[in-house]
Amino acid sequence: LLWLIVGSLVMVYSLEQLAALIGVPDAIMGVTLSAAGTSLPAYIASRIAAEKGFGNQAVASVFGSNTFNICVGLGLPWVIYSTVMGFDPYHDLENDGILESILVLAGMLLIFVVLMISTNFVLVKWHANLFIGLYIVYIIHAVGQVYR
């Protein structure tokens, strides 16, 4: 666990330094390299599971990882902060497109649920192409929001 914490801190620091060096805003680094770097283990686990015929495990791994990231990855730092700071609210969080990202995440989940129900839980290749295309649109939108 300690190595995960140290590795995470090193990754965030390194990405901040890289962003400053090449002149890319932190928000873009967050939705691209940081997101890909932290999601890579879940992708590899899901791909291996899917290749071995364990589709349910592949899907569950992705949703489990994202649920953990949202609930523990955001919740635990808030608990630690509020405990250390005497339960005072944190007021320094900048929006930086957080609401849009939440809506995109909810929309993607809704699309996935509709696809699963409409196909009786059968995944087909065009579903994958759709989600990859939607992710590309999301990245283009996120970059556009930063540079507008």
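Here the structure is shown first, and the text comes after it.
These numbers were taken from a predicted model, which means no experiment stands behind them.

Reading the values: rules and limits
- Residues numbered from 1 in each chain as written.
- Predicted model: local features only at pLDDT ≥ 70, side-chain atom pairs only at ≥ 80, totals over all residues.
- Heavy atoms only, no water.
- Helix = DSSP H or I, 4+ residues; strand = E, 2+ residues; numbered from the N terminus.
- Expected span 1.5 Å × (residues − 1).
- Buried < 20%, exposed > 50% of the residue type's maximum accessible area, 1.4 Å probe, protein only.
- Contact = heavy atoms within 4.5 Å.
- Phe/Tyr/Trp six-rings, centres within 6.5 Å; stacked < 30°, edge-to-face > 60°.
- Salt bridge = Lys/Arg side-chain N within 4 Å of Asp/Glu carboxyl O.

Trainee: With reference to specific residues and values, describe helix H2 (residues 26–51).
Mentor: An ideal rise of 1.5 Å per residue puts 38 Å on 26 residues; H2 measures up with 35 Å between its terminal C-alpha atoms. Among the residues of H2, those classed as buried are Ile-28, Met-29, Val-31, Ser-34, Ala-42, Ser-46 and Ala-49. Packing partners of the buried residues in H2 comprise helix H1 (2–22), helix H3 (55–84) and helix H5 (125–146). Positioned one or two residues after H2, Gly-53 has a phi angle of 90 degrees, which is positive.

Trainee: Give a description of the packing of aromatic side chains that names residues and reports values.
Mentor: Taken as a whole and judged by the stated rule, the model has three aromatic pairs. Measuring from centroid to centroid gives 6.2 Å for Phe-112 and Phe-131, while their planes differ by 55 degrees, and the two rings are tilted. Note that Phe-112 is positioned in helix H4 (residues 98–118) and Phe-131 in helix H5, a separation of 19 residues in sequence. Take Phe-112: its relative accessible area is 17%, and that puts it in the buried class. For Phe-131, a relative accessible area of 24% translates into the label partly exposed.

Trainee: Mind laying out H1, listing which residues take part and the relevant values?
Mentor: When the terminal C-alpha atoms of H1 are compared, their 30 Å separation across 21 residues agrees well with the 30 Å that a helix rising 1.5 Å per residue should span. A positive backbone phi angle near 75 degrees is found at Gly-23, which sits one or two residues after H1.

Trainee: Let's hear about the pattern of salt bridges: which residues, and what values?
Mentor: Using the criterion set out here, one finds one salt bridge in the structure. For Arg-47, the salt bridge goes to Glu-51, with nearest N and O atoms at 2.8 Å. Of this pair, Arg-47 and Glu-51 both sit in helix H2, four residues apart, which is roughly one turn of the helix. Judged by its relative accessible area of 44%, Arg-47 falls in the partly exposed class.

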